[in-house]
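Residue-level structure breakdown
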Amino acid sequence: MKYLLKNGTVVSGEKTEKQDVLIEGERIAEVGVNLQEHDACVMDMTGKLLFPGFIDAHTHFDLEVAGTVTADDFESGTKAAVCGGTTLVIDYASQDKGGGTLKEGLEKWHKKADGKCSCDYSFHMSIVEWNEKTEEEIEEMIREGITSFKLYMTYPAMMVNDCDLYKIIKKLNEFGCFAGVHCENSGVIDALISEAKAAGRLGPENHPLVRPDDMEAEAVHRLLVIARQADAPVMVVHLTNKKAYHEIMKARECGQTVYAETCPQYLLLDDSVYSEPDFEGAKFVCAPPIRKKTDQECLWQALAEDKIQTVATDQCSFTMEQKALGKDDFTKIPGGLPGVETRGTLLYTYGVREGRITLEQMCRLLSENAAKLYGVYPRKGAILPGSDADIAVIDPQMESIISAKTHAYRTDNNPFEGFPLHGGIDKVFLRGHLAVDNGKLVEEKLGKYIYRGKKQI
Ligand code: MN
């Protein structure tokens, strides 16, 4: 199949210009002006923005959390993703603690995902314990296309201690790989939880109080000191606040390579959401928690200054019935929010349209930087001859309001309920297939597993 997209505005990380794009089969064949192709299906893209398909490098589909499983799995989750212009998700596979191998973890995640995805997919691998066997498995993971890893400094089922943290990030760097790290101080958070419970403070409004910004900043600081000792790059995932951001900036001033990711919920929501009546605050329980308005401003400024490399979502959705597992104890509320569907349109509406970031920055944050960090550029993350024909078409004229009544997720709540969107996803091409047309999913389950190479920045 050939498509000729005429007169669209093509956005890259460097420039925005009127161009025609010729798609042949699964690839982009040509990009230029006045392209002609007699046997192609011609589409007029006048007034539309053509972005390289968005990459969401932080999702959790079909994940067991707190005795339940996320409401969205790879089937519903990737449908929501592609409807929102995302053509590649990188989900987190995990080793099991207590002798589980990375290979077993990877097989388990392939079973969850294979054949079900409506956009392309890959995995990061979470390392939850470290021994000689795990070390030997790193090369095997690289052969399987897994070149990025995840480490937790909190959560007993997954956290690694400082000794292993040091060893792992050092070893990964020897292989040209790196880890994204969940930074929160586990010990003090446990103590604050005990204090809250002893005082009978059991509602969701206590969630941000027991996971304060200082305890995220402390973990970021410790990670970066350890990374300096190991002389290794690291990625701070889901960065939420000003204090933690300053730790990153200090380390960079000392010459360290530190990548950072944030998410729309930290840019657009503030911690007043936890005090919503009737247990509504539970909707927003995620870790690290949503912070203050001043933190939002700091993160937007960091995006404008290119100090944060990617905006991902940490998609991890639950229904209100599932959230009610913590009705009498906020620590039992399964943590996480949906987000994979609206990342692009939220960043366009509240970032580009409000003048906080440029179209080129949006392209880098949603697509190009992730492609380079996670080793798929320029196959992904670019509209260039030879790239996969993954294209998200934004129509700046489309208007909508985010609502759980109309979203594509299986979950029944949306943290951005009522948010107006100016600009919507009109079409999405996934490797040359028209997967979304007029904002509707028209071809599903075309997603393929993507083998990734090593980082390119
Ligand atoms: Mn996560």
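In this report, the structure presented in the accompanying data block is examined. Since we're looking at a predicted model, the values are computed, not measured.

Turning next to the overall build of the protein. Along the backbone of the protein there are 13 helices and 19 strands. Rg of the C-alpha trace for the protein: 21 Å, near the compact-globule value of 23 Å for 457 residues, within the 12% margin. Oriented by its inertia axes, the alpha-carbon framework of the protein measures out at about 70 × 50 × 40 Å. Here the protein holds 457 residues, and the buried ones make up 63% of them. Once local pairs closer than 6 in sequence are excluded, the contacts in the protein between residues at least 24 apart make up 75%. Working note: accessible area of the protein is about 17,000 Å², and carbon and sulfur atoms make up 49% of it. Measuring between centres, the 53 positive side-chain charges of the protein sit 1 Å from its 71 negative side-chain charges.

Remark on secondary structure: sheet strands pair via backbone hydrogen bonds, oriented parallel or antiparallel. On the basis of which strands lie adjacent, the open sheet formed by eight strands has the order β6-β9-β10-β11-β12-β13-β14-β15 and parallel pairing. Since the sheet does not close on itself, it has two edges, and those belong to β6 (54-59) and β15 (310-311), each with one partner. Across the sheet, helix α4 (residues 162-174) touches β11 (148-152), β12 (178-182) and β13 (234-236), and the angle it forms with β11 is around 170°.

We now examine the packing of aromatic side chains. In total, this model carries 13 aromatic pairs according to the counting rule given. Cluster of aromatic residues (ring-pair linked, three or more members): Phe-61, Phe-74, Tyr-121, Phe-123, Tyr-449 and Tyr-451. Taking NZ or CZ as reference, Lys-150 lies 4.0 Å from the ring centre of Tyr-92, over its face. Across the ring face of Tyr-377, the terminal group of Lys-372 is positioned such that the distance to the ring centre comes to 4.8 Å.

Attention now moves to helix α10 (residues 293-304). Owing to its 3.6 residues per turn, the α-helix brings residues three or four apart onto one side. The end-to-end C-alpha separation of α10 is 17 Å, in line with the 16 Å expected for twelve residues at 1.5 Å each. Of the residues making up α10, those classed as buried are Asp-295, Gln-296, Cys-298, Leu-299, Trp-300, Ala-302 and Leu-303. Those residues of α10 that are buried are in contact with α8 (242-253), β14 (258-262), α9 (264-268), β15, α12 (343-352) and α13 (359-373). The first or second residue beyond α10 is Asp-306, which carries a positive phi of 60°.

Rules of the game
Residues numbered from 1 in each chain as written. Predicted model: local features only at pLDDT ≥ 70, side-chain atom pairs only at ≥ 80, totals over all residues. Heavy atoms only, no water. Helix = DSSP H or I, 4+ residues; strand = E, 2+ residues; numbered from the N terminus. Rg over C-alpha atoms; globule rule 2.2 N^0.38 Å. Buried < 20%, exposed > 50% of the residue type's maximum accessible area, 1.4 Å probe, protein only. Contact = heavy atoms within 4.5 Å. Areas by Shrake-Rupley, 256 points an atom, 1.4 Å probe, with all protein chains shown as cover. Lys, Arg positive; Asp, Glu negative; His and termini not counted. Charge placed at Lys NZ, Arg CZ, Asp CG, Glu CD. Pairing = 2+ DSSP bridges. Axes fitted to C-alpha atoms, helices over the stretch in contact; angles between N-to-C directions. Phe/Tyr/Trp six-rings, centres within 6.5 Å; stacked < 30°, edge-to-face > 60°. Lys NZ or Arg CZ within 6 Å of the ring centre and 35° of its normal. Expected span 1.5 Å × (residues − 1).

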